[in-house]
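So the chains spell out like this:
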Amino acid sequence: MRLDKFLSQNSERSRSLIQQAIKAGRVTVDGTIAKKGEQKLLGNEIVTLDGKLVEALNVRYLMLNKPLGYVCANSDSEHPVVVDLINLPRWQELQIVGRLDIDTTGLVLLTDDGQWNHRITSPRHECQKTYKVKTANPIDREVIELFARGVQLHGEKAPTRPAQLELLSLQEARLTIHEGKYHQVKRMFAATGNHVVELHREAIGSITLDPALASGEFRHLSTDEIQSIYL
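Basis of the calculations
- Residues numbered from 1 in each chain as written.
- Predicted model: local features only at pLDDT ≥ 70, side-chain atom pairs only at ≥ 80, totals over all residues.
- Heavy atoms only, no water.
- Helix = DSSP H or I, 4+ residues; strand = E, 2+ residues; numbered from the N terminus.
- Buried < 20%, exposed > 50% of the residue type's maximum accessible area, 1.4 Å probe, protein only.
- Contact = heavy atoms within 4.5 Å.
- Areas by Shrake-Rupley, 256 points an atom, 1.4 Å probe, with all protein chains shown as cover.
- Lys, Arg positive; Asp, Glu negative; His and termini not counted.
- Charge placed at Lys NZ, Arg CZ, Asp CG, Glu CD.
- Pairing = 2+ DSSP bridges.
- Polar contact = N/O pair within 3.5 Å; in protein donor to acceptor, adjacent residues only side chain to side chain.
- Core = buried A, V, L, I, M, F, W, Y, C linked by side-chain atoms within 4.5 Å.
- Salt bridge = Lys/Arg side-chain N within 4 Å of Asp/Glu carboxyl O.

Colleague: Provide a residue-level description of the overall build of the chain, including the pertinent values.
Modeller: The helix and strand tally for the chain stands at 6 helices and 13 strands. In terms of its C-alpha atoms, the chain occupies a principal-axis envelope of roughly 70 × 35 × 35 Å. The proportion of buried residues among the 231 residues of the chain is 42%. For the chain, the proportion of contacts with a sequence separation of at least 24, taken over those separated by at least 6, is 62%. Surface accessibility of the chain: about 13000 Å² in total, with carbon and sulfur atoms responsible for 51%. Charge separation in the chain, taken as the distance between the mean sites of 29 positive and 29 negative side-chain charges, equals 7 Å.

Written as structure tokens, this is what we have:
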């Protein structure tokens, strides 16, 4: 990890203030004054800022079973937010990985590891998301092939990437997509003349919502779940 990132993650200073401290010679690594914020750390160095030891805080990786009516944000003037459900120290530092609409339930990931967050949300990594969908009208079997080819959504230049649709009943399906356009699942079904009435995210990549988690509950991810994002 870069020295400036380590310091900004483990102190209350912004990246710009950290850079100023390094330029002023106020940061040391193993007793030597640091000269560049880009300096790489292996993880076992002794880092000080203004003569005080800077220790690495534990990085957290959480899964939450998001209830209806909650906004995926750190603050909102009108609605409760998902971080209100996280009863942990430094909850305000958590980033929401893969947001859900207020009327959508299911798996939300949270972390204070920005690189891990980026690995999931960056479009070029095409991290898949799986949803259980309930529609207002029966789903035609032809929709399976349509979604597999890609759907042209209103206002988009290119069709959606191929998606996998599994019919569970006349009005229920499981959909796996590999991108995250605005309101994508709802817009895909709207393009077929149907309307989504219930939407629940079951998985992000190979991380599946723990069935033991009641609505509104969260737990820490296992090491295997964390590492699965890089596989």
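Colleague: Kindly report on the pairing of strand 5 (residues 61-66), identifying the contributing residues and their values.
Modeller: Strand 5 sits mainly inside the fold: 6 of its 6 residues count as buried. Residues Y61, M63 and N65 line one face of strand 5 and the alternating positions L62, L64 and K66 line the opposite face, and both faces are buried. The pairing of strand 5 with strand 7 (residues 105-111) spans 6 bridges and is classified as antiparallel. Looking at the pairing, L64 lines up with V108 of strand 7. Where strand 5 meets strand 13 (residues 218-220), 3 bridges bridge the pair, whose relative direction is antiparallel. Paired with L64 across the two strands is F218, which belongs to strand 13.

Colleague: Quick one: what's the story with the sheet that holds strand 3 (residues 47-49), residue by residue and with numbers?
Modeller: Spatially, 2-1-3-4 is the arrangement adopted by the 4 strands of the open sheet, whose pairing is antiparallel. Taken across any chain shown, the strands that pair with only one partner, and hence form the sheet edges, are strand 2 (32-33) and strand 4 (52-53). Note: strand 3 against strand 4, 2 bridges, orientation antiparallel. When the bridges of strand 4 are listed, L49 appears paired with K52.

Colleague: Describe in detail the side chain of E202, supporting the description with residues and values.
Modeller: Considering the arrangement of structural elements, one finds E202 in strand 11 (residues 196-204). Among the residues examined, E202 registers a relative accessible area of 18% and is labelled buried. Separated by 2.6 Å, the side chains of E202 and R174 make a polar contact.

Colleague: Account for the nonpolar core, with residues named and values stated.
Modeller: F147, L175 and F189 are the most contacted members of the largest nonpolar core, which has 32 residues in total. Counting only elements with at least two residues in this core, the list comes to strand 5, strand 7, strand 8 (129-135), helix 4 (142-149), strand 10 (172-177), helix 5 (184-190) and strand 11.

Colleague: For the pattern of salt bridges, give the residues involved together with the corresponding values.
Modeller: Enumeration according to the criterion identifies 15 salt bridges in this entry. D112 is the salt-bridge partner of R60, the closest N and O atoms lying 2.7 Å from each other. Of the two residues, R60 sits in the loop between strand 4 and strand 5 while D112 sits in the loop between strand 7 and helix 3 (114-121), which places them 52 residues apart along the sequence. Both residues of the pair, R60 and D112, count as buried. The partner of D101 in a salt bridge is K186, with the nearest N and O atoms 3.1 Å apart. Here the residue D101 occupies a position in the loop between strand 6 (95-97) and strand 7, and K186 occupies one in helix 5, the gap between them amounting to 85 residues. Among the charged side chains, a salt-bridge network with shared partners connects E156, E179, K181 and R187.

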